[in-house]
Amino acid sequence: MIFIRSAQEIETIRHSALLVSATLTEVAKMIRPGITTLSLDKMAEQFIRDNGASPSFKGYHGFPFSLCISVNEVVVHGFPSGYELKDGDIVSVDCGCYKNGYHGDSAYTFAIGNVPADVLKLMKVTKESLFLGMAQAKDGNRVGDISYAVENFTNRMHGYGVVRDLVGHGVGKNLHEDPQVPNHGRRGDGKRLKAGMVLAIEPMINMGTRDVYTRDDKWTVATRDHKPSAHFEHTTAVGKTKGEPLSNFAPIEAAEKENKELNSSYY
Ligand code: MG
Ligand code: MG
């Protein structure tokens, strides 16, 4: 069952999604070499609760943390830990917030210090593919139009591996709702999109093989070839002419830029 949300409901989802963006902005201010991923999680949980919301992920099917923090070859669902970030790492931070009965869900991949040019390109292409996917999230299109746009750009044009084992999803009263939104597929395939649907579109793109495996902790998904993976996600309202992001990268990008300048002595 795919829900069509009222304008009021979409504003409530936007409120939750923007709180996710604000949380990721706080992460962007703190993230640097030497910081533990667990300290980012602790800060994020406090920030979310201070804003009258709860972290969507904590306790979700037993997930023990507020953020998924996925470093380098980890694709998604990484556990925050005592690991200290180091120069050259890339870090996907995925966050969900639940407030007023609705979830928001968004993810951003950060570069720590001097990241090799080919890995920066993977991140850039993955982020661009999210926007290409969102452009297809319009009334009358089908889910496969989003999937194709992501796969065509990342795989056919850039040769990256598109993760198939994990997909985007509807988001609203539940964190994961119908429909599934794969990052590979054919134009014109899948469920028809209608204005008012809300989708979490989230390309997970690998430098090498698309194949992934789940580690013994039952959550952490990593690339088979141990090459890096990037992940960007927006909660997106299906619109009349294009998808509208309800989460927002602009404050994250501004904080990321300021942080890089402040911390330039680390690098
Ligand atoms: Mg997410
Ligand atoms: Mg998601």
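Cut-off values and rules
- Residues numbered from 1 in each chain as written.
- Chains lettered and ligands numbered in written order.
- Predicted model: local features only at pLDDT ≥ 70, side-chain atom pairs only at ≥ 80, totals over all residues.
- Heavy atoms only, no water.
- Helix = DSSP H or I, 4+ residues; strand = E, 2+ residues; numbered from the N terminus.
- Rg over C-alpha atoms; globule rule 2.2 N^0.38 Å.
- Buried < 20%, exposed > 50% of the residue type's maximum accessible area, 1.4 Å probe, protein only.
- Contact = heavy atoms within 4.5 Å.
- Areas by Shrake-Rupley, 256 points an atom, 1.4 Å probe, with all protein chains shown as cover.
- Lys, Arg positive; Asp, Glu negative; His and termini not counted.
- Charge placed at Lys NZ, Arg CZ, Asp CG, Glu CD.
- Expected span 1.5 Å × (residues − 1).
- Arc of directions from axis to C-beta.
- Salt bridge = Lys/Arg side-chain N within 4 Å of Asp/Glu carboxyl O.
- 1 Å grid on protein atoms, 1.4 Å probe; cavity = no way out; pocket = protein on both sides within 12 Å on 5 of 7 lines; lining within 4 Å.
- Points joined across faces, edges and corners; volume = space filled by probe spheres on them.
- Nonpolar A, V, L, I, M, F, W, Y, C, P; charged D, E, K, R; others polar.
- Donors = N, O, S within 2.8 Å, 3.2 Å for Na, K, Ca; no water.

**Considerations on the overall build of the protein**
For step 1, the next point in the chain: The helix and strand tally for the protein stands at five helices and 15 strands.
For step 2, the next point in the chain: For 267 residues, the compact-globule estimate of 2.2 N^0.38 gives 18 Å, and the protein sits close to it at 17 Å.
For step 3, the next point in the chain: Along the longest, intermediate and shortest principal axes, the C-alpha atoms of the protein span 50 × 45 × 35 Å.
For step 4, the next point in the chain: Looking at the protein as a whole, 55% of its 267 residues are labelled buried.
For step 5, the next point in the chain: In the protein, the share of contacts with a sequence separation of at least 24, taken over all contacts with a separation of at least 6, comes to 72%.
For step 6, the next point in the chain: Entry remark: accessible area of the protein is about 11200 Å², with carbon and sulfur atoms responsible for 51%.
For step 7, the next point in the chain: Each charge class in the protein was averaged separately, 31 positive and 32 negative side chains, and the resulting centres sit 5 Å apart.

**Re helix H5 (residues 250–262)**
For step 1, the next point in the chain: With 13 residues, H5 extends 18 Å between its outermost C-alpha atoms, agreeing within 8% with the 18 Å of an ideal straight helix rising 1.5 Å per residue.
For step 2, the next point in the chain: Those residues of H5 not exposed but buried are Ile252, Ala255, Glu256 and Asn259. Taken around the axis of H5, the buried residues stretch over an arc of 105°, which confines them to a single face. Facing away from the buried side of H5 by more than 90 degrees, the exposed set consists of Lys257 and Glu261.
For step 3, the next point in the chain: Tucked inside the fold, the buried residues of H5 contact helix H1 (7–30) and strand S5 (102–111).

**Section: unusual backbone geometry**
For step 1, the next point in the chain: Residue proline 179 follows aspartate 178 across a cis peptide bond; omega there is -5°.
For step 2, the next point in the chain: A positive phi angle, near 65°, is found at histidine 77, a position not held by glycine.

**A word on the pattern of salt bridges**
For step 1, the next point in the chain: All told, the structure shown has 15 salt bridges when counted by the stated rule.
For step 2, the next point in the chain: The salt bridge involving lysine 29 is made with glutamate 26; its shortest N-O contact spans 2.9 Å. Of this pair, lysine 29 and glutamate 26 both sit in helix H1, separated by three residues, roughly a single helical turn.
For step 3, the next point in the chain: When the shortest N-O distance is used, the salt bridge between arginine 164 and glutamate 151 registers 3.5 Å. Of this pair, arginine 164 sits in the loop between strand S6 (161–162) and strand S7 (168–170) while glutamate 151 is found in helix H4 (residues 143–157), placing the two residues 13 residues apart along the sequence.
For step 4, the next point in the chain: What makes arginine 164 partly exposed here is its relative accessible area of 35%.

**Observations regarding the layout of surface pockets**
For step 1, the next point in the chain: Space inside the largest pocket adds up to approximately 390 Å³.
For step 2, the next point in the chain: Forming the boundary of the largest pocket are 22 residues, of which Tyr60, His77, His169, His176 and Glu202 lie nearest the centre.
For step 3, the next point in the chain: Among the secondary structure elements, those contributing two or more residues to the lining of the largest pocket are S7 and strand S8 (177–181).
For step 4, the next point in the chain: Residues belonging to the lining of the largest pocket are distributed by class as follows: 10 nonpolar, six polar and six charged.

**Describing the coordination of the magnesium ion (ligand 2)**
For step 1, the next point in the chain: Donor atoms from the polypeptide that bind the magnesium ion (ligand 2) are Asp105 (OD), His169 (NE2), Glu202 (OE) and Glu233 (OE), placed at 2.1 to 2.2 Å.
For step 2, the next point in the chain: Mapping the donors of the magnesium ion (ligand 2) onto the primary sequence gives the spacing D-x63-H-x32-E-x30-E.
For step 3, the next point in the chain: Between the magnesium ion (ligand 2) and the magnesium ion (ligand 1), the interatomic distance is 3.1 Å, and aspartate 105 donates to each metal, bridging them. In this pair, histidine 169 sits in strand S7 while glutamate 233 sits in the loop between strand S13 (229–231) and strand S14 (234–237), placing the two residues 64 residues apart along the sequence.
For step 4, the next point in the chain: In this structure glutamate 233 comes out as buried when scored by relative accessible area, which is 0%.

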